[in-house]
Amino acid sequence: MSAQQRKTLETQTMALQALQSELATLVASRQKLDSQLQENELVDQEFKTMDDSARVYKMIGPVLVPQEKTEAEANVEKRLEYIRSETARVEKRIEQLSKEQEQKSVEIFKLQMEIQGINRAQS
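Residues numbered from 1 in each chain as written. Predicted model: local features only at pLDDT ≥ 70, side-chain atom pairs only at ≥ 80, totals over all residues. Heavy atoms only, no water.

As recorded in an unreviewed UniProt entry, the chain goes by Prefoldin subunit 6 and comes from Coemansia interrupta. Under the heading Sequence similarities (unreviewed entry), UniProt records this for the chain: "Belongs to the prefoldin subunit beta family." (UniProt positions renumbered as here; feature names shortened; annotations may be inferred.)

Put into structure tokens, the structure is as follows:
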């Protein structure tokens, strides 16, 4: 194995590891977004079952502050929209990274086969 091939293999392997690391971070982020989405959807469902005259409170620090039900519903809707758009963005990036990871793995495999072929030819 030449020094150039070894360096190329190391570079490709490091790039693959970086992709895998970013992918793991994005998967964790997506899981967090999924749990936030479920939580906010439950809150939204609760708002739909509540009477319009029901009292709604918002926690600000350690204090519960009264809030209009319509305002609270609007906040939850905005949060749901944001979470859904973030989830779509993260999923798109995960898909993109998965493709890049697959391509990088194929490149590394080809390089390894090339190196093994050279080593066998030299033996």
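So, on to the overall build of the chain. Assigned secondary structure in the chain consists of 2 helices and 2 strands. Taking 123 residues into account, the globule formula puts the C-alpha radius of gyration at 14 Å, and the chain, at 25 Å, lies well above it. When the backbone C-alpha atoms are referred to their principal axes, the chain occupies close to 85 × 25 × 15 Å. Looking at the chain as a whole, 24% of its 123 residues are labelled buried. Looking at the chain as shown, the accessible area adds up to about 9,100 Å², and 53% of this sits on carbon and sulfur atoms. Each charge class in the chain can be summarised by its mean position, and for the 18 positive and 21 negative side chains these summaries are 8 Å apart. (Helix = DSSP H or I, 4+ residues; strand = E, 2+ residues; numbered from the N terminus. Rg over C-alpha atoms; globule rule 2.2 N^0.38 Å. Buried < 20%, exposed > 50% of the residue type's maximum accessible area, 1.4 Å probe, protein only. Areas by Shrake-Rupley, 256 points an atom, 1.4 Å probe, with all protein chains shown as cover. Lys, Arg positive; Asp, Glu negative; His and termini not counted. Charge placed at Lys NZ, Arg CZ, Asp CG, Glu CD.)

What follows covers the layout of surface pockets. Within this model, the largest pocket holds a volume of roughly 150 Å³. As for the largest pocket, its lining consists of Gln-36, Glu-39, Asn-40, Val-43, Val-56, Tyr-57, Lys-58, Gln-67, Ala-72, Asn-75, Val-76 and Arg-79. Among the elements of the structure, helix H1 (3–49), strand S1 (56–60) and helix H2 (69–122) are those that each provide at least two residues to the lining of the largest pocket. Considered class by class, the residues forming the lining of the largest pocket number 5 nonpolar, 4 polar and 3 charged. (1 Å grid on protein atoms, 1.4 Å probe; cavity = no way out; pocket = protein on both sides within 12 Å on 5 of 7 lines; lining within 4 Å. Points joined across faces, edges and corners; volume = space filled by probe spheres on them. Nonpolar A, V, L, I, M, F, W, Y, C, P; charged D, E, K, R; others polar.)

Here the focus is the confidence of the model for the chain. In this model, the chain carries a mean pLDDT of 92, and residues with pLDDT of at least 70 account for 96%. When mean pLDDT is compared element by element in the chain, strand S2 (residues 63–67) scores highest at 95, while H2 scores lowest at 92. (pLDDT = per-residue confidence, 0-100.)

All right, on to the UniProt feature "coiled-coil region" (unreviewed entry) in the chain then. Within this structure's numbering, the places UniProt gives as "coiled-coil region" (unreviewed entry) are residues 80–114. Spanning residues 80–114, this segment combines 100% helix with 0% strand, and its end C-alpha atoms are found 51 Å apart.

On to the pairing of S1. Two strands pair when backbone bridges link them, and S1 and S2 are joined in this way by 5 bridges, in the antiparallel orientation. Pairing of Tyr-57 across the sheet is with Pro-66, part of S2. Adjacent in sequence and paired antiparallel, S1 and S2 are bridged by 2 residues, among which Gly-61 carries a positive phi angle near 65 degrees. (Pairing = 2+ DSSP bridges.)

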